[in-house]
Amino acid sequence: MIRKHPLIAHRLRRLQGGFAAIEHRFLRDGFWAALDHHELLLYIFLVLVADRQGMSYYSYDKICSLICVSLDEYIVARDGLIDKDLIAFDGRLFQVLSLPAAPKCPVRAPLVNREDMCRDDPATVRQLIVNSLKGAGHDR
């Protein structure tokens, strides 16, 4: 066991007025690895702003502004967290839930050939959409 001593003793972290905490199990049991970066960003944000029951009521436009994501990225992240049983949302209120027994990871087949890449790789799909819009006179 490694003996640990604070590196800067007068700067010990203390929770003051907030309730933000993430169980170590979130990292240890694979929940962190099960989230994409937008889901992780939204989850951490919701943990930070939640009250002691995990409740918060930030609007989507405020959340998007604070965590610097588009509305589409926010919706995909929110729905991903709901599907993974990490949050509940009633259209107005969020609740960060206690961690389920195990992470819910989508099982994805590996991308093996060009057809798989064109159909399932998010970067390829995005590039196809951008290129098609450029051809239709919708330059970004």
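Residues numbered from 1 in each chain as written. Predicted model: local features only at pLDDT ≥ 70, side-chain atom pairs only at ≥ 80, totals over all residues. Heavy atoms only, no water.

*Asks:* Before we move on, could you go through the sheet that holds strand β3 (residues 94-96) and cite the residues and values that matter?
*Replies:* Taken together, the 3 strands give an open sheet; going across it, the order is β1-β3-β2, and neighbouring strands pair in antiparallel fashion. Only two strands of the sheet have a single partner each, and these edge strands are β1 (55-56) and β2 (87-89). As paired elements, β1 and β3 share 2 bridges and run antiparallel to each other. Looking at the pairing, Met-55 lines up with Gln-95 of β3. Along the sheet face, helix α3 (residues 37-49) touches β1, β2 and β3 and points at about 95° away from the line of β3. Sheet strands touched by helix α5 (residues 71-83): β2 and β3. Its angle to β2, the strand with the most contacts, is close to 115°. (Pairing = 2+ DSSP bridges. Helix = DSSP H or I, 4+ residues; strand = E, 2+ residues; numbered from the N terminus. Contact = heavy atoms within 4.5 Å. Axes fitted to C-alpha atoms, helices over the stretch in contact; angles between N-to-C directions.)

*Asks:* Give a description of the nonpolar core that names residues and reports values.
*Replies:* Within the largest apolar cluster, 21 residues are counted, with the highest numbers of intra-cluster contacts made by Leu-42 and Tyr-43. At the level of secondary structure, the elements contributing two or more residues to this core comprise α3, α4 (60-67), α5 and β3. The element best represented in this core is α3, accounting for 6 residues. Beyond its immediate stretch of four places on either side in the chain, Tyr-43 contacts Phe-26, Leu-35, Leu-81, Leu-86, Ile-87, Val-96 and Leu-99. (Core = buried A, V, L, I, M, F, W, Y, C linked by side-chain atoms within 4.5 Å. Buried < 20%, exposed > 50% of the residue type's maximum accessible area, 1.4 Å probe, protein only.)

*Asks:* Describe the packing of aromatic side chains, naming the residues involved and giving the relevant values.
*Replies:* According to the stated counting rule, one finds 6 aromatic pairs in the structure shown. Seen in terms of ring centroids, Phe-26 and Trp-32 are 6.4 Å apart; in terms of plane orientation they differ by 80°. Their pairing is edge-to-face. Phe-26 gets classed as buried once you look at its relative accessible area, which sits at 2%. Centre to centre, the rings of Phe-45 and Tyr-58 are 5.2 Å apart; their planes meet at 80°, and the pair counts as edge-to-face. Here Tyr-58 lies in the loop between β1 and α4 and Phe-45 lies in helix α3, a separation of 13 residues in the sequence. Accessibility expressed as a relative area gives 10% for Phe-45, which makes it buried. Three or more aromatic residues joined by ring pairs form one cluster here, namely Phe-26, Phe-31, Trp-32 and Tyr-43. (Phe/Tyr/Trp six-rings, centres within 6.5 Å; stacked < 30°, edge-to-face > 60°.)

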